[in-house]
Amino acid sequence: MGLFDRIFGKKKGVELEGLDKTLAKDEDVKQSPTEKESEPVQKGTNFEEKVEISENVNSLLSEEIIEKKYEKTLEKTNKSFGARFNAFLANFRSVDEAFFEDLEETLIMSDVGADLAMKISEELRQEARLVNAKNTDQLRNLIIEKLVDTIDQENLVKELKLKKVGLSVILFVGVNGAGKTTTIGKLSARFKAQGKKVLLAAGDTFRAGATNQLVEWAKRSGLETVTGRDGGDPASVVFDAMQRAKNEGFDVLLIDTAGRLQNKDNLMAELAKIRKIIQRELPEAPHETLLVLDASTGQNAVSQAREFSKVTPISGIVLTKLDGSAKGGIVLSIIQSLKIPIKLVGLGEKIDDLADFDEEFFVRGLFKGLV
Ligand SMILES: Nc1nc2c(ncn2[C@@H]2O[C@H](COP(=O)(O)OP(=O)(O)OP(=O)(O)O)[C@@H](O)[C@H]2O)c(=O)[nH]1
Ligand SMILES: [Mg+2]
């Protein structure tokens, strides 16, 4: 069952006569290749066998509050998408070629990415022809259904993979200003609240003040940070932190890294070096490499993910600054084009403004008032 059906009820939105059957057939035919396509990279690896998923990796807040936060956070995206979408539909009486062209443009403007916009309007073109749709309103929910179903992460590993016993290492990467340090501050507070023994590593020695920023976050939760001097070698900080985490029985080590170095090549080379040191100290680590992306940068976030993926395997994405951004549509583009799960979302600047990525809350917030 697709995400749309799980949230809004089976085929609730599709009112076209004869379309149900057509869609069902279409789904059946497509099923196996689609499943194959979205096969998660993590599945079936040795890594999966060694690492058990921790059961209680949840937020500092209650479900109810988180759902409200999602809704509030997605208000801007919902408003701009809703307005654009309604204006688009109001513009057309009949379903003709111009309709599909305009649909594609509307979707691109909603940050879902050109590839996905093209795919959706092409699929819709076929389906509309099959059922001989004449009225644009008939296609309204079908478009939303297609958008919702792209957010489905069912085939991806969404939970943070932490060991139940022994040290788990989480490496944070991302460009400067994306929200790495802030996310580490929030996530470490959550782990602390769960009774875990948490250590931080200040791997950003390049930017003056970066170490202090992390230390400040750590202090808020009463945690310790392994630091080096500004301008020093980040790899040695990571080495010290790995040693200490292993020797002193820590449960989780969160490693911060620089978002900017002299140039991009240096940055990528440094990440590769850091990863090597982590692995030398603990071959199965890092258990998670989280790429932090700023939602408000839109499509740029997708290109950043491609760049980082070239030097280090990314196990999950943290999408920050969903609050205050009207570019929530980027979630669709990320899931669809990168096939990397979005694991966490940043919903504000405060310590409890971090939540697991919840597809249902997200979809409800994004399409509120439109289905
Ligand atoms: N509104 C909002 N602001 C956020 C969120 N996450 C981070 N920020 C803000 O974004 C700014 C940059 O965050 P940092 O955590 O310093 O980013 P960074 O990736 O560590 O940046 P560098 O250290 O320069 O590489 C800060 O002002 C944060 O408060 C979020 O989810 N929502
Ligand atoms: Mg930082």
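Residues numbered from 1 in each chain as written. Chains lettered and ligands numbered in written order. Predicted model: local features only at pLDDT ≥ 70, side-chain atom pairs only at ≥ 80, totals over all residues. Heavy atoms only, no water.

Looking at an unreviewed UniProt entry, the protein carries the name Signal recognition particle receptor FtsY, with the source organism given as Lactovum miscens. Quoted verbatim from the Function (unreviewed entry) field of UniProt, the annotation for the protein is "Involved in targeting and insertion of nascent membrane proteins into the cytoplasmic membrane. Acts as a receptor for the complex formed by the signal recognition particle (SRP) and the ribosome-nascent chain (RNC)." Reading the Catalytic activity (unreviewed entry) entry of the UniProt record for the protein gives the comment "GTP + H2O = GDP + phosphate + H(+)". (UniProt positions renumbered as here; feature names shortened; annotations may be inferred.)

Attention now goes to the UniProt feature "domain: SRP54-type proteins GTP-binding" (unreviewed entry) in the protein. The positions that UniProt labels "domain: SRP54-type proteins GTP-binding" (unreviewed entry) are, in the present scheme, residues 341-354. End C-alpha to end C-alpha, residues 341-354 measures 16 Å, and it is 0% helix and 43% strand. (Helix = DSSP H or I, 4+ residues; strand = E, 2+ residues; numbered from the N terminus.)

Here we come to the pattern of salt bridges. All chains considered together, the criterion is met by 27 salt bridges. A salt bridge links Glu127 to Lys146, with the shortest nitrogen-to-oxygen separation between them at 3.2 Å. A residue pair is termed long-range when its members are at least 10 positions apart, and Glu127 in helix 7 (residues 114-130) and Lys146 in helix 8 (residues 136-150) qualify at 19 residues. Judged by its relative accessible area of 14%, Lys146 falls in the buried class. (Salt bridge = Lys/Arg side-chain N within 4 Å of Asp/Glu carboxyl O. Buried < 20%, exposed > 50% of the residue type's maximum accessible area, 1.4 Å probe, protein only.)

Buried residues dominate strand 5 (residues 288-294), accounting for 7 of its 7 residues. Side-chain alternation along strand 5 places Glu288, Leu290, Val292 and Asp294 on one buried face and Thr289, Leu291 and Leu293 on a second face that is also buried. Direction of pairing for strand 1 (residues 168-173) relative to strand 5: parallel, over a ladder of 4 bridges. Bridging across to strand 5, Ile170 finds its partner in Glu288. Alignment of strand 5 against strand 6 (residues 316-320), held across 5 bridges, turns out to be parallel. (Pairing = 2+ DSSP bridges.)

Let us now look at unusual backbone geometry. Cis geometry is adopted by the peptide bond preceding Pro286, which originates at Ala285 and carries an omega value of -5°. Tracing the sequence through the fold places Pro286 in the loop between helix 12 (264-281) and strand 5. Despite not being glycine, Lys321 shows a phi value in the positive range, around 60°. You can see Lys321 is positioned in the loop between strand 6 and helix 14 (330-338).

Every one of the 20 residues lining ligand 1 counts as a neighbour, but Gly177, Thr181, Thr182, Asp323 and Glu349 are closest to it. Thr181 is positioned with one of its side-chain polar atoms (N or O) 2.8 Å from an oxygen atom of ligand 1. Note that an oxygen atom of ligand 1 is positioned 3.5 Å from one of the side-chain N or O atoms of Lys186. In isolation ligand 1 exposes 650 Å². Once the protein is present, 82% of that is buried. Examining the composition of the shell around ligand 1, we find that 4 residues originate from one element, helix 9 (residues 180-193), more than from any other. When its residues are assigned to classes, the shell around ligand 1 shows 3 nonpolar, 10 polar and 7 charged. (Near = heavy atom within 4 Å. Polar contact = N/O pair within 3.5 Å; in protein donor to acceptor, adjacent residues only side chain to side chain. Areas by Shrake-Rupley, 256 points an atom, 1.4 Å probe, with all protein chains shown as cover. Nonpolar A, V, L, I, M, F, W, Y, C, P; charged D, E, K, R; others polar.)

The end-to-end C-alpha distance of helix 8 is 22 Å, a good match for the 21 Å that 15 residues give at a rise of 1.5 Å each. A large share of helix 8 lies buried, amounting to 12 of its 15 residues. Among all positions of helix 8, only Thr136, Leu139, Arg140, Asn141, Leu142, Ile143, Ile144, Glu145, Lys146, Leu147, Val148 and Thr150 are buried. (Expected span 1.5 Å × (residues − 1).)

Here the focus is the environment of Ile274. Among the secondary structure elements, Ile274 is positioned in helix 12. Excluding residues that lie within four positions of it along the chain, Ile274 makes contacts with Leu171, Pro234, Val238 and Thr257. (Contact = heavy atoms within 4.5 Å.)

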